[in-house]
Amino acid sequence: MTSAILKRASTAQISGIDFSSAYVEHASRSNPRKQAQFSVGDVCALPYDDATFDHVLSLLVLHFVPDTSKAVAEFRRVARPGATIGAAVWDARGGFVAARIFFDTAAALFPSGNERRARNNTRPMTRPGELTQAWRGGGLIDVQGALLTTRMEFASFEDYWAPYEGKDGPGAEYVASLQIEARRRLRDAVRAAYLDGEADGPRSFAASAWAVKGTVPT
């Protein structure tokens, strides 16, 4: 998101925050310009003064926040009057094909996979209208919601599977919880779903996200 902003507004001053130190380190390496600064922190207790920013943006994070109303209140607190506050969250249940391949397969194999799929698909802010309701409830005006769709491109199954062998995200967390044999069964079954009757190679999956923006009253 920082890279996209700087392409559109090269003089922008950006302060980024994330709960995960790994994500902060990656963002810092990917955006070395001094005008973009990143730190580890809590979105429900932002380390910024009131009315600091002209724009406040949240990308693919609110569904992991236990108290979304507190996060939205923090967004509004640090935004100046007239500022735009925007967010986007995956449509986990209805529009995120790559994740559904993994979680649907896990649910078919294991009771624990079914439980984990249900948890992932019912996180807050992932249903139609929830983001706009939260923005209006937070006192923002001119609230507009949208559904955005992009494509997720993978070079091969190994490319697709690599994040599940990592340490971040609900899928990787679930894989790490399995015993070696169960992990092998899941990987083989997900691979079959990825291949879908064809040779291994590139795949392109649709990925939709709910989005919202609103304005801080002046």
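Because the structure is predicted, anything quoted here is derived from the model rather than measured.

*Asks:* Before we go on, may I ask you to explain the sheet that holds strand S3 (residues 53–59) in this structure?
*Replies:* The pairing of strands in a sheet comes from backbone hydrogen bonds and takes either a parallel or an antiparallel form. With respect to topology, four strands assemble into an open sheet ordered S3-S4-S6-S5, the strand pairing being mixed. At either margin of the open sheet sits one strand with a lone partner, and together these are S3 and strand S5 (141–154). Strand-to-strand twist in this sheet, taken as the mean axis angle between neighbours without regard to direction, amounts to 20 degrees. Bridging between S5 and strand S6 (residues 203–215) involves 12 bridges; their strand directions are antiparallel.

*Asks:* Which parts of the structure should I look at to understand the pairing of strand S1 (residues 14–18)?
*Replies:* On a regular strand, each side chain points to the face opposite its neighbour's, so the side chains alternate between the two faces of the sheet. The sheet contact formed by S1 and strand S2 (residues 36–40) spans five bridges and is parallel. When the bridges of S2 are listed, aspartate 18 appears paired with valine 40. Handedness of the β-α-β unit built from S1, helix H2 (residues 21–30) and S2 comes out right-handed.

*Asks:* It is not clear to me how unusual backbone geometry should be interpreted in this structure. Could you clarify?
*Replies:* One non-glycine residue, leucine 60, lies in the positive phi region at around 55 degrees. Along the chain, leucine 60 turns up in the loop between S3 and helix H3 (68–78). When its relative accessible area of 27% is taken as the criterion, leucine 60 is described as partly exposed. One non-glycine residue, aspartate 196, adopts positive backbone phi at about 55 degrees. Summarising the element assignment, aspartate 196 is placed in the loop between helix H9 (180–195) and S6. Given the relative accessible area of 63%, aspartate 196 is considered exposed.

Calculation rules
Residues numbered from 1 in each chain as written. Predicted model: local features only at pLDDT ≥ 70, side-chain atom pairs only at ≥ 80, totals over all residues. Heavy atoms only, no water. Pairing = 2+ DSSP bridges. Helix = DSSP H or I, 4+ residues; strand = E, 2+ residues; numbered from the N terminus. Axes fitted to C-alpha atoms, helices over the stretch in contact; angles between N-to-C directions. Right-handed = clockwise from strand over helix to strand, strands pointing away. Buried < 20%, exposed > 50% of the residue type's maximum accessible area, 1.4 Å probe, protein only.

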